[in-house]
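Below, each chain spelled out in residue letters.
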Amino acid sequence: MSHYFDYAATQPMRQCAIDAWVSAAASLNPGAQYASGRRARSVLDEARETVARLLGCEPIEVIFTSSGTESDNIAVQGLYRAGSHKRVVSTPIEHPAIKETVSYLAAQGAQVDLLDVGRDGRIHDLSALDSPADVATCMWANNETGVIQPIDEFIARASAVDTPVHIDAVQVTGKLDFDFDSLGAATLAASAHKFGGPRGIGLLLARRAPAPQPIAFGGGQERGIRPGTVDVASAAGLAAALDESLRESAAESVRVGKLRDRLREGILASIDNVLLNSVEPCLPSHLHVSFPGTDGDSLILLLDQLGIEASTGSACHAGVNRMSHVLEAMGITEHDGLGSLRFSLGRGTTEDDIDFVLARLPEVIDRARSVSALG
Ligand code: PLP
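Residues numbered from 1 in each chain as written. Predicted model: local features only at pLDDT ≥ 70, side-chain atom pairs only at ≥ 80, totals over all residues. Heavy atoms only, no water.

## Brief notes about the nonpolar core
- One finds Phe 64, Trp 140, Ile 167 and Leu 188 to be the most contacted residues of the largest nonpolar core, which totals 59 residues.
- Mapping this core onto the domain boundaries places at least three of its residues in each of domain 1 (3–8 + 249–374) and domain 2 (15–244).
- Residues within four places of Trp 140 in sequence aside, it is in contact with Val 147, Ile 148, Gln 149, Ile 151, Ile 167, Asp 168, Ala 169, Val 172, Leu 176, Phe 178, Leu 183 and Leu 188.
- Counting 26 residues, the second-largest nonpolar core is a separate cluster that includes Ile 267, Val 289, Ile 308 and Phe 343. (Core = buried A, V, L, I, M, F, W, Y, C linked by side-chain atoms within 4.5 Å. Buried < 20%, exposed > 50% of the residue type's maximum accessible area, 1.4 Å probe, protein only. Domains from an automatic or database assignment. Contact = heavy atoms within 4.5 Å.)

Structural data, given as structure tokens:
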């Protein structure tokens, strides 16, 4: 039996999402005007209304996409195209869905300013936001460390000079309650598989104005911002998962946070020379730690042999033995950060899972350190 510690990467679909998906699986084209089309449309409308109610926006502000990655791309490229400053403000710790999009815009001639990040994994100096830009983009919580960014201040500073803000809320949606309309962002990205919905469907919340320009063209669905026939069954699954996830979130945060704290304290008590990269304010689900003198890929293989499924937390890290850009931005050296692990906990995590890891991790780290000392 495996011990799954990668909830931040994806989580098993909730039964309520499977049920909603199955009951809508035979839906036809929600854009068609005849009876079967209207039936599909009403399932889609209901999913859209549920999302709008749960996330505090109007149904028209809810746009279904194929992933968090697509939502991030539409928002950042689309808001950039809608503006005229040729300037983007972002941070150096974004997920590749934003990081690579911003690099692409830089290659197209955009001036890009990245805010500095401290050893605590947070942005502090927001002064680059005081000059106008076409888009300022920031993640709500980092996918590797779980560290929560000061997004209220970020949005207030950018809005003071009329810069539209995009928030990558992929790690927080379904975990933290929020109200999109009072947040003040122009756009926000989320992804269903992070809160127990189907993989392959994402959310983009987009105010009426300023709205992102489309980056793909077609039949005008989803306000023309994301054309293409919508996957009605996945939208129904997403809405069901979001509803259940938010209803459980207060109790789950406390339960999971206690397990995470026990894991952290156990690791610190039993292993020497550990760097803690998940510092408060932080999602209760995340524990990111570095073990100097090891490398992340070896740690993952050793843990996998024991049935422990964790990750380095870095999407582009897998298979390439390099330190993540997030740790680099936090000022961690390659020697200290190369051997890092992210344990991300979720609704299936139990005391037994924590005991299992704590009983085995010290020996795994010893082995990895002795192998790397030989090499
Ligand atoms: N943004 C963040 C912060 C993420 O953690 C992820 C996924 O790991 C994404 C964007 C991309 O989401 P998706 O997997 O739905 O493309």
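## Description of the packing of helix H1 (residues 15–24) against helix H7 (residues 232–270)
- Packing of H1 against H7 leaves a shortest axis separation of 7 Å and a crossing angle of 155°. Taken together, the axes of H1 and H7 lie roughly antiparallel to each other. Of the two possible hands of crossing, H1 and H7 adopt the one that is right-handed. Along its contact with H1, which presents Cys 16, Ala 17, Ala 20, Trp 21 and Ala 24, the element H7 presents Ala 233, Ser 234, Ala 236, Gly 237, Ala 240, Ala 241 and Glu 244.
- Across the contact of H1 with H7, the residue classes break down as 9 nonpolar, 2 polar and 1 charged. (Axes fitted to C-alpha atoms, helices over the stretch in contact; angles between N-to-C directions. Helix = DSSP H or I, 4+ residues; strand = E, 2+ residues; numbered from the N terminus. Parallel < 35°, antiparallel > 145°, perpendicular 65-115°, else oblique. Left-handed = near helix turned anticlockwise from the far one by under 90°. Nonpolar A, V, L, I, M, F, W, Y, C, P; charged D, E, K, R; others polar.)

## Concerning the pattern of salt bridges
- Summed over all chains, the structure comprises 18 salt bridges.
- A salt bridge links Glu 58 to Arg 208, with the nearest nitrogen and oxygen atoms 3.1 Å apart. Taken together, the positions of Glu 58 in the loop between helix H2 (35–55) and strand S2 (62–65) and Arg 208 in the loop between strand S8 (202–206) and H7 put the pair 150 residues apart, joining distant regions of the chain.
- Here Arg 262 makes a salt bridge to Glu 351, at a shortest N to O gap of 2.7 Å. Placement of Arg 262 in helix H7 and of Glu 351 in helix H11 (residues 351–374) is noted, with a sequence separation of 89 residues between them.
- In the salt-bridge network here, residues are joined through shared partners; they are Arg 260, Asp 261, Arg 264, Glu 265 and Glu 280. (Salt bridge = Lys/Arg side-chain N within 4 Å of Asp/Glu carboxyl O.)

## Here we look at the environment of Ala 185
- Locating Ala 185 in the fold gives a position in the loop between helix H6 (180–183) and strand S7 (187–191).
- Given a relative accessible area of 0%, Ala 185 falls into the buried group.
- For the pair Ala 185 and Leu 287, spaced 102 residues apart in the sequence, the C-alpha separation amounts to 28 Å.
- Excluding anything up to four places from it in sequence, Ala 185 contacts Ile 155, Val 165, Ile 167, Phe 180 and Arg 207.

## Remarks on the environment of Ser 372
- Summarising the element assignment, Ser 372 is placed in helix H11.
- Considering only alpha carbons, one finds Ser 372 and Thr 294, 78 residues apart in sequence, at a separation of 6.2 Å.
- Sequence-distant contacts of Ser 372, that is, excluding residues within four places in its chain, are made with Gly 293 and Thr 294.

## Considerations on the pairing of strand S5 (residues 135–139)
- Within S5, 5 of the 5 residues are buried, leaving the element largely enclosed by the surrounding structure.
- Burial along S5 is two-sided: Val 135, Thr 137 and Met 139 and Ala 136 and Cys 138, pointing in opposite directions, are all buried.
- Examined bridge by bridge, strand S3 (residues 87–90) and S5 share 2 bridges and lie parallel to one another. Across the sheet, Val 88 pairs through a bridge with Val 135, a residue of S5.
- With respect to chirality, the unit in which S5 leads through helix H5 (residues 151–160) into the neighbouring parallel strand S6 (residues 165–168) is right-handed. (Pairing = 2+ DSSP bridges. Right-handed = clockwise from strand over helix to strand, strands pointing away.)

## Considerations on unusual backbone geometry
- Looking along the chain, the bond that leaves Ala 209 and enters Pro 210 is cis, with omega of -5°.
- Following Glu 280, the chain continues into Pro 281 via a peptide bond in cis, with omega recorded as 0°.
- In this fold, Pro 281 is placed in the loop between strand S9 (275–276) and strand S10 (286–290).
- The residue Lys 86 is not glycine, and still its phi comes out positive at about 60°.
- Inspection of the secondary structure puts Lys 86 in the loop between helix H3 (68–82) and S3.
- With a phi close to 65°, Asp 162 is a non-glycine residue in the positive phi region.

## Let's talk about the domain arrangement of the protein
- Looking at the protein, the domain boundaries give domain 1 (3–8 + 249–374) and domain 2 (15–244).
- Taking only C-alpha atoms, the centre of domain 1 and the centre of domain 2 are 28 Å apart.
- Opposite the 25 residues of domain 1 that make contact, domain 2 presents 27 residues.
- Taken together, both faces of the contact between domain 1 and domain 2 bury some 2100 Å²; the carbon and sulfur share is 55%.
- On the domain 1 side of the contact with domain 2, Leu 283, His 325 and Met 330 bury the most area, a combined 27% of that side's loss.
- Where domain 1 touches domain 2, the interface holds 0 salt bridges.
- Across the contact surface, domain 1 and domain 2 share 10 residue pairs in polar contact (both at pLDDT 80 or more).
- For the side of domain 1 that touches domain 2, the secondary structure elements donating two or more residues are H7, S9, S10 and helix H9 (325–329). (Buried area = accessible area lost by both parts, 1.4 Å probe. Polar contact = N/O pair within 3.5 Å; in protein donor to acceptor, adjacent residues only side chain to side chain.)

## Quick notes on a nonpolar patch on the surface
- A cluster of nonpolar side chains, contributed by Ile 18, Trp 21 and Val 22, occupies part of the molecular surface with about 250 Å² of accessible area.
- Its location among the elements puts Ile 18 in helix H1.
- Residue Ile 18 is classed as partly exposed on the basis of its relative accessible area of 30%. (Patch = residues over 30% accessible without salt bridge, like charges linked within 9 Å, V, L, I, M, F, W, Y side chains within 5 Å. Areas by Shrake-Rupley, 256 points an atom, 1.4 Å probe, with all protein chains shown as cover.)

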